Amino acid sequence: MEAEDLVSLADLEEGELWEILELAKSLKRDYRAGKGHEVLAGRSLAMVFLKPSLRTRVSFEVGMTQLGGHAVYLGPDDIKLGQRETTEDIALVLSRYVDGIMARVFEHETVRKLARFASVPVLNGLSDLLHPCQALADLLTVYEAKRRLRGVRLAFIGDGNNVAHSLINGAGLSGMDFSIACPSGFEPDEKIVEEAAKKTEVKVFNDPAEAASGADVLYTDVWASMGEEDVAGEKKARFDGFRIDEDLLKEAAEDAIVMHCLPAHYDEEIARSVAHGDQSVIFEQAENRMHAQKALLALLLN
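What you are looking at is a predicted structure, and each value in this text was computed from that prediction instead of being measured.

K.L.:
How would you summarise helix H2 (residues 55-66) if you had to cite specific residues and measurements?
P.N.:
Across its 12 residues, H2 extends 16 Å between first and last C-alpha, which sits within 8% of the 16 Å expected from 1.5 Å per residue. Those residues of H2 not exposed but buried are Arg 55, Thr 56, Ser 59, Phe 60, Gly 63 and Met 64. In an axial view of H2, the angular spread of the buried residues amounts to 135 degrees, which keeps them on one side of the axis. At its buried positions, H2 is contacted by strand S1 (44-49), strand S2 (70-74), strand S3 (100-104), strand S4 (122-126), helix H6 (132-146) and helix H13 (282-301). Looking one or two places after H2, you find Gly 68, whose phi comes out positive at around 90 degrees.

K.L.:
Tell me about the sheet that holds strand S6 (residues 177-181), and please be specific about residues and values.
P.N.:
Read across the open sheet, the 5 strands follow the order S7-S6-S5-S8-S9; overall the sheet is parallel. Here the strands that pair on one side only, and so sit at the sheet edges, are strand S7 (202-205) and strand S9 (257-260). Mean inter-strand twist for the sheet, computed between neighbouring axes without regard to direction, equals 20 degrees. Examined bridge by bridge, S6 and S7 share 4 bridges and lie parallel to one another. Opposite Ile 180, over in S7, you have Val 204 as the bridge partner.

K.L.:
Quick one: what's the story with the pairing of strand S8 (residues 217-220), residue by residue and with numbers?
P.N.:
Across the two faces of S8 the burial is the same, with Val 217 and Tyr 219 and Leu 218 and Thr 220 all buried. Bridge count for strand S5 (residues 153-157) against S8 is 4 bridges, and the pairing is parallel. Among the inter-strand pairings, Ala 155 is bridged to a residue of S8, identified as Leu 218. Here 4 bridges tie S8 to S9, and the two strands are oriented parallel to one another. By the bridge assignment, Tyr 219 is partnered in S9 with Met 259.

K.L.:
Which residues make up the nonpolar core, and what values do they have?
P.N.:
If you look at the biggest cluster of nonpolar residues, it comprises 83 residues, and the most contacted ones within it are Phe 156, Phe 178 and Leu 297. Among all residues touching Phe 178, those that are not within four sequence positions of it are Leu 154, Phe 156, Ala 164, Leu 167, Ile 168, Ala 171, Glu 201, Val 202 and Lys 203. In this structure, Val 48, Ile 79, Ile 101 and Leu 114 belong to the second largest nonpolar core, which totals 19 residues.

K.L.:
Can you lay out the environment of Met 1 for me, pointing to particular residues and giving the numbers?
P.N.:
Mapped onto the elements of the fold, Met 1 is located in the segment before helix H1 (14-32). Accessibility expressed as a relative area gives 26% for Met 1, which makes it partly exposed. Put simply, Met 1 and Leu 300 are 299 residues apart on the chain and 7.5 Å apart in space, counted from C-alpha to C-alpha. Setting aside residues no more than four positions away along its own chain, Met 1 makes contact with Leu 12, Glu 16, Glu 19, Ile 20, Leu 296, Leu 299 and Leu 300.

K.L.:
Explain the sheet that holds S4 residue by residue, including any values.
P.N.:
Across a sheet, strands are paired by hydrogen bonds formed along the backbone, either parallel or antiparallel in direction. Ordered by their spatial adjacency, 4 strands build an open sheet running S2-S1-S3-S4, and the pairing between neighbours is parallel. The strands lining the two open edges of the sheet, one partner per strand, are S2 and S4. Each adjacent strand pair in this sheet contributes to an overall mean axis angle of 20 degrees, direction not counted. Pairing geometry for S3 and S4, over 4 bridges, is parallel.

K.L.:
Which residues make up the pattern of salt bridges, and what values go with them?
P.N.:
A side chain with one charge may pair with a side chain of the opposite charge, provided their charged atoms come close. Summed over all chains, the structure comprises 15 salt bridges. Among the salt bridges present, the one from Arg 150 reaches Glu 14, with a minimum N-O distance of 3.2 Å. Placement of the pair is Arg 150 in the loop between H6 and S5 and Glu 14 in helix H1, with a sequence separation of 136 residues. Exposure remark for Glu 14: the relative accessible area of 34% places this residue in the partly exposed category. With a shortest N-O distance of 2.8 Å, Lys 198 and Glu 195 are connected by a salt bridge. Overall, Lys 198 belongs to the exposed group, its relative accessible area being 63%. Take Glu 195: its relative accessible area is 47%, and that puts it in the partly exposed class.

K.L.:
Give a description of the environment of Asp 89 that names residues and reports values.
P.N.:
Structurally, Asp 89 is set in helix H4 (residues 87-97). Considering only alpha carbons, one finds Asp 89 and Leu 114, 25 residues apart in sequence, at a separation of 9.3 Å.

K.L.:
For the side chain of Ser 179, give the residues involved together with the corresponding values.
P.N.:
As for its position among the elements, Ser 179 is in strand S6. Dropping the residues within four chain positions of it, Ser 179 is found in contact with Arg 153, Leu 154, Ala 155, Phe 156, Lys 203, Phe 205 and Ala 211.

Basis of the calculations
Residues numbered from 1 in each chain as written. Predicted model: local features only at pLDDT ≥ 70, side-chain atom pairs only at ≥ 80, totals over all residues. Heavy atoms only, no water. Helix = DSSP H or I, 4+ residues; strand = E, 2+ residues; numbered from the N terminus. Expected span 1.5 Å × (residues − 1). Buried < 20%, exposed > 50% of the residue type's maximum accessible area, 1.4 Å probe, protein only. Arc of directions from axis to C-beta. Contact = heavy atoms within 4.5 Å. Pairing = 2+ DSSP bridges. Axes fitted to C-alpha atoms, helices over the stretch in contact; angles between N-to-C directions. Core = buried A, V, L, I, M, F, W, Y, C linked by side-chain atoms within 4.5 Å. Salt bridge = Lys/Arg side-chain N within 4 Å of Asp/Glu carboxyl O.

Spelled out as structure tokens, the structure:
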């Protein structure tokens, strides 16, 4: 793998994406068979968290352990990134201690700065613009369910947020078709859409039924992300109707799968009956965070 960091899926070549996905499939198969791979013995990962998380922390920490390595949790009050000490200095110091840095932050520029100044690989665990590790797990999940990515139609129902942006990047890399339905004013970043549209079909709708029509995958996320508490009420009103429920599921292909990156607000962006229904792969998707990230760590830190 030629890439030195993972700040955005757009930084990868198509061959690198498939290298990650194929290794993730292999590691997952061995994990379920009880077979370990200590390919990162003696290696350490610094996990910088400005935003808390269940899946990101546990999947990275356990993933490093399964690969024979060690993860160090650095919470919001541990280093006060960019406040007590500059992001540049923290990147330089951590590079002397660890073999990689994963950062879950508010502003995307923070991850970019860490990658610019660190001499070890930097992984974007989430920023306000992108969520590439989530998208890697999502692509792995779609690939497992549909046995292909190219030509698969994924419909995202909800906000044009960081998860949507990384899925759009992933669609451009893999040839997956992407549609999104969101209220006017909440469309995804135009530049991200334009770049992916050079490689695959990307459509933006304001009607959920239009986006969902014939889709192989229905995907949603919370309407208001962490840090948007001040606009959560307004968004709830604006996004009413942008929900994956039994009626919307009927608009999709008969064998469509349902995805959500969690945590879910049931009966807001998704009906509980759909999230826990027969067509849901949401919890497989959550498990795949660990396997996709293990593959990424094995390739970048080794």
